[in-house]
Amino acid sequence: MKELSRKLADSGIIDRRNFLTGFGACAITPLSPLDMQVAVSLANSLTKEQRDSMSPSQVVEELKKGNERFRARKMVSRDYLAQKRSSATGQYPAAVVLGCLDSRVPAEIIFDVGIGDTFIGRVAGNVVNDDMLGSMEFACAVSGAKVVLVLGHTACGAVKGAIDDVVLGNLTGLLARIKPAIPLTKYDGEKSSKNASYVDAVARINVVLGLAEIRRRSPILEGLEERGSIHITGAMYDLATGVVEFVK
Ligand SMILES: [Zn+2]
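Residues numbered from 1 in each chain as written. Predicted model: local features only at pLDDT ≥ 70, side-chain atom pairs only at ≥ 80, totals over all residues. Heavy atoms only, no water.

S.K.: With reference to specific residues and values, describe the confidence of the model for the protein.
M.R.: Here the protein shows a mean pLDDT of 87. Residues at 70 or above account for 82%. Across residues 1-31, where pLDDT falls below 50, the model places 40 contacts with residues more than four positions away in sequence or in other chains. (pLDDT = per-residue confidence, 0-100. Contact = heavy atoms within 4.5 Å.)

See the structure below:
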């Protein structure tokens, strides 16, 4: 195993320091084939074989592990130029994330993934619309991604705007997509955009409704989920703690 890690490190396939910290247990516990693939995939863009060998549940677990690395300041040291080169002729992302426009929620960073590993669609309030649905259908049905993740976050300005009934150009129509979450949010206390916990409660329901919307409006994605080919799941990202909590 030592020899293997040395070869991988010497070849540049993995970063030795990262390998030793992230998978230090290999000295006494041999790595499983999956761990080996993951170790390799951490430093390189996912290959088709690596992506296809993972189940949807395993992809979700890798996203969770990536978020843990992000929070623990143990992010993988990546050679982005090498990833750029290796992915230029093809991409095999394992997941598609529908996230918010918010500058503080960059999915690649908070999940510690590299170039070519995930599709990311971002729109204020992580709302589901036809173009996002088409993008997610491409990601899963054409490209082979295994997970659809709707990622909401705390202190979301779009959610606050929906609560406040903001009217502003094209934003008005976007906020209308969030508003169904407001009456469906069960909350005891001040229901205002100034109440952070209320805003977060609405954002959470907005994620749950987004998942239902995806299934309702995309027979393609719903069918893939029913066959077990993909997982459709949601999560909330906490701006303060960096924690991604899966909600469904
Ligand atoms: Zn937001």
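Now that the structure has been shown, we can carry on.
S.K.: I'd like to hear about the nonpolar core, residue by residue, with values.
M.R.: Within the largest apolar cluster, 39 residues are counted, with the highest numbers of intra-cluster contacts made by Met 136, Cys 140, Val 148, Val 159, Ile 178, Ile 214 and Leu 221. Mapped by element, the contributors of at least two residues to this core are β1 (95-99), α8 (130-142), β3 (147-153), α9 (157-163), α10 (171-178), α12 (196-217), α13 (219-226) and β4 (231-237). At eight residues, the largest contribution of residues to this core is made by α12. Counting 20 residues, the second-largest nonpolar core is a separate cluster that includes Met 54, Leu 63, Val 105 and Val 244. (Core = buried A, V, L, I, M, F, W, Y, C linked by side-chain atoms within 4.5 Å. Buried < 20%, exposed > 50% of the residue type's maximum accessible area, 1.4 Å probe, protein only. Helix = DSSP H or I, 4+ residues; strand = E, 2+ residues; numbered from the N terminus.)

S.K.: Any details on the coordination of the zinc ion? Residues and values, ideally.
M.R.: Here the zinc ion is held by the protein donor atoms Cys 100 (SG), His 153 (NE2) and Cys 156 (SG), which lie 2.0 to 2.3 Å from it. Counting along the primary sequence, the residues that act as donors to the zinc ion give the motif C-x52-H-x2-C. Remark: Cys 156 occurs in the loop between β3 and α9 and Cys 100 occurs in the loop between β1 and α7 (107-110); sequence separation between them is 56 residues. With relative accessibility at 2%, the residue Cys 156 sits in the buried group. (Donors = N, O, S within 2.8 Å, 3.2 Å for Na, K, Ca; no water.)

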